[in-house]
Every structure is written in C-alpha cells, then in structure tokens.
Amino acid sequence: MHHSGNGRSAWAAVKDRFGGKVEMHQTANIKGLLWPLSSQGEAEREFTGRRPDGDLAVVARPVATVTVVLADAQPAIRHGVRSVLERSGGISVVGEAATADEVIAETSRCRPHVLVVDPLMDERAGMRVISEVLRLWPETGILVFSSVDDDRVITAALQAGARGYLFKRADADQILRGIQAVAAGEGIVDKSIANRLGALMCPASTGQYYYPFPQLTNRERDVLERIAAGKSNAAIARELVLASKTISNRVSTIFGKLGVADRSQAIVLARDAGLGHG
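These numbers come from a predicted model, not from an experiment.

Peer 1: Help me understand helix α12 (residues 263-272) in this model?
Peer 2: Helical geometry: 3.6 residues make up each α-helical turn, so side chains three or four residues apart lie on a common side. Every buried residue of α12 is accounted for by Ala266, Ile267, Leu269 and Ala270. Residue Gly274 follows α12 closely and has a positive phi angle near 100°.

Next comes the structure, spelled out in structure tokens:
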C-alpha cells in the first residue's frame, strides 16, 4: 500500500486540519473518531481505562471549567442542552444564540472553549458561520449538534473546521463527552458517521489511497499489518528483528490508539480497513 503524492483530496485537507491523527473513540454510548488537534488544551490529553464490559474507553479529563455557547434556532433545544450541562458540573453555559449574527456576537463576548451549534439554523449563513468563528477565534472548538444526517452537510461541516458532529438524538452522556473531547482539542463524531467517514472524505473517484489509521507511527503500522495477517507477537518479532517485549509494548500502544480491547477486535478493525490481505 502506498500513499499517493499527486493532488490533494478533501480527506487530506481534513487530516491537515486535525493534525493528521485519527483514532477510534469508544465510550459507554459512543463509538466514533477522534483526532487530536494539538498538544495544547484546557484539559489533560486523555486517559485510558476499561469499562465493566471490558471495552476500552478513551476519555478526555477536564481540569478546569469548560465554557460553552449554545447556538440553535429552537429555544427548546438550547434549554434542553443547557439543563444537561448545568447538571454535569465542570461545564458552564456562558451564552446562547439563535442566529448566525448572534453566534458571532456571543462568541466575541464570551470567547468560549466550545461552540455547540446547528449551522443550518440560519440558511443564509450555513457552514460559513463555522469558518467565520474559526477565522476570528481559532482557539474555540466547534461541535455541530444537528438533526441532519446528510453526507454533504457532514462533509461541509468538517471541512469548514468543526471538530465534532453529533446528532440531536444523542443522550446526555454523549453530549457531555462530545463537549469534553472538543474542549480537550480532540474531535468526535457519531458512530454512524465514523463508520463511513473515510468514504465521505476520500471518495473512491479520487484514485488516492490514505492509510486508514494515520494516528499510528510507521513502526506501529508494520506491526498492525502483521497482526491483521494473523501473526503472533513472536512471529512479528522475528520478522522485524525486534525483541518480543518491544513488540508486546507496541501492540499495547496500537490497541490503545485504535480503541480496541484485544487482538481479535484489532484484527477485525484492521481487516475491515483492508489490511492483512496482501
């Protein structure tokens, strides 16, 4: 497998926007994509733990109050989300907006860590409100909160610079985790979007290939390719002329980055992405 050096696709642009890293994020209710944007942030980068059912969880841990501006044309939506956030602790709603003009005004006034916005609340502005906020206040993370499940809309939002995209059917835990992830400088999307994000952002018609797990180093990719082919750690160590302990440590790192709990899950994920067949 080789990366194409000719031309740039939407996916390449998105990878640049999000620091070139994408990783699986699995929580109690969300399985999506996360891509760290920088080493800076208002929260610790992340911690990894195991849920009672054994799945790996990668969750941002805020160390300071996260400030949020809510932007939606429907007062009931803003009220509902505000209620969820105010009960959570650690998140403060500092402003609300019902139009694109109000989004700009409130973001200017409050300088929030996160803007939770339905960009289609104002048909005149649309996705331009995202790019305009980021042009003026690039430190603000944008989480799209929308009822629209349309590939063109999702792609436009991510290309405009949104760090996340959740649907309005999300429950309280998903909303909180989405805001925490975006505040920590990471990105998150709904599970259903994650399952098709690669196809959305890199259409087959471009003729380009991009490695499906760009958060992995080249050495980790070598190991994952062999894991996907069904090889044991010992066999991988022999092939790569490395110590078994080195391979074991590398495998553990790979599992953490992919958000999988064990080897079988890693194999399924990698083979679904086209690895291990050659």
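Peer 1: Would you mind going over the pattern of salt bridges with me for this structure?
Peer 2: Two side chains that carry opposite charge are able to pair once their charged atoms sit near each other. Scanning the model with the defined rule gives twelve salt bridges in all. Here Asp150 and Arg152 are joined by a salt bridge, their closest N and O atoms 3.5 Å apart. In this structure Arg152 comes out as exposed when scored by relative accessible area, which is 69%. The salt bridge partner of Asp190 is Arg169, with a shortest N-O separation of 3.8 Å. Pair noted here: Asp190 is in the loop between β10 (188-189) and α7 (191-194) and Arg169 is in the loop between β9 (164-167) and α6 (172-183), with a separation of 21 residues, a long-range link. For Asp190, a relative accessible area of 12% translates into the label buried. A network of salt bridges, in which partner residues are shared, links Arg78, Arg82, Glu86 and Glu96.

Peer 1: Even after reading the chapter, I still don't get the nonpolar core, so can you show me in this structure?
Peer 2: Across soluble globular proteins, nonpolar side chains have a tendency to be buried as a group. Judged by nonpolar contacts, the single largest core of 29 residues is most densely connected at Ala71, Val103, Leu115, Ile130, Ile142, Ala157 and Tyr165. Listed by contribution, the elements that provide at least two residues to this core are β5 (66-71), α3 (100-110), β7 (114-117), α4 (128-136), β8 (141-146), α5 (151-160), β9 and α7. The greatest single-element share of this core, amounting to five residues, is contributed by α5. Apart from residues lying up to four places away in sequence, Val103 is in contact with Ala71, Ala97, Leu115, Met121, Val129 and Val133. With 21 residues, the next largest nonpolar core counts Leu70, Ile91, Leu143 and Ile188 among its residues.

Peer 1: Just checking my understanding: could you explain unusual backbone geometry for this structure?
Peer 2: A negative phi holds for most residues other than glycine; trans holds for most peptide bonds. The backbone of Arg111 sits at a positive phi, close to 45°, despite the residue not being glycine. Tracing the backbone through its elements, the reader meets Arg111 in the loop between α3 and β7.

Peer 1: Explain α6 to me, please; I cannot follow it from the model alone.
Peer 2: Taking 1.5 Å as the rise per residue, α6 with twelve residues should run 16 Å; its terminal C-alpha atoms sit 17 Å apart, in good agreement. The complete set of buried residues in α6 reads Gln174, Ile175, Leu176, Gly178, Ile179, Ala181, Val182 and Ala183. Its side-chain oxygen at 3.2 Å from the backbone nitrogen of Asp173, Asp171 defines the N-terminal cap of α6. At the exit of α6 stands Gly185, carrying a positive phi of roughly 85°.

Peer 1: Please clarify how empty space enclosed by the protein should be interpreted in this entry.
Peer 2: Which parts of space are left empty comes out when a probe the size of a water molecule is rolled across the atoms. The final tally for this structure, using the stated rule, is two cavities of 30 Å³ or more. Around the largest cavity, the lining residues are Leu70, Ala71, Asp72, Ile77, Arg78, Val81, Val116, Val117, Asp118 and Phe145. For the lining of the largest cavity, the elements supplying multiple residues, two or more each, are β5, α2 (75-88) and β7. For the lining of the largest cavity, the element with the highest residue contribution is α2, accounting for three residues. Across the lining of the largest cavity, the residue classes tally to seven nonpolar, no polar and three charged.

What counts as what
Position numbers for residues count from 1 along each chain, tracking the sequence in the order it is written. Only residues with pLDDT of at least 70 are given local features in this predicted model, and only at 80 or more are side-chain atom pairs given and counted; all residues enter the totals for whole chains, interfaces and linings. To get the side-chain values, all heavy atoms of the structure are used, and hydrogens and water are removed first. A simple rule labels every residue: compare its accessible area, found with a 1.4 Å probe on the protein chains alone, to the largest value its type can have, and call it buried under 20%, exposed over 50%, or partly exposed in between. A run of DSSP states H or I qualifies as a helix once it reaches four residues; a run of E qualifies as a strand once it reaches two. Both are numbered from the N-terminal end. The working definition used for a salt bridge is a side-chain nitrogen of Lys or Arg within 4 Å of a carboxyl oxygen of Asp or Glu. What we call a nonpolar core is a set of buried Ala, Val, Leu, Ile, Met, Phe, Trp, Tyr and Cys residues that are connected through their side-chain atoms within 4.5 Å. The contact rule is simple, with two residues in contact once any of their heavy atoms fall within 4.5 Å. Any helix carries an expected span of 1.5 Å times its number of residues minus one. Contacts described as polar in this section are N or O atom pairs within 3.5 Å, which, within protein, must combine one atom able to donate a hydrogen with one able to accept it, while residues neighboring in sequence count only if both atoms come from side chains. A 1.4 Å probe that fits but cannot get out identifies a cavity on a 1 Å grid over protein atoms alone, an open set with protein on both sides within 12 Å along at least five of seven lines counts as a pocket, and a residue lines either if it has an atom within 4 Å of a point. Grid points are joined across faces, edges and corners, and a volume is the space filled by probe spheres set on the points. Each residue gets one of three labels, nonpolar for Ala, Val, Leu, Ile, Met, Phe, Trp, Tyr, Cys and Pro, charged for Asp, Glu, Lys and Arg, and polar for the others, Gly among them.

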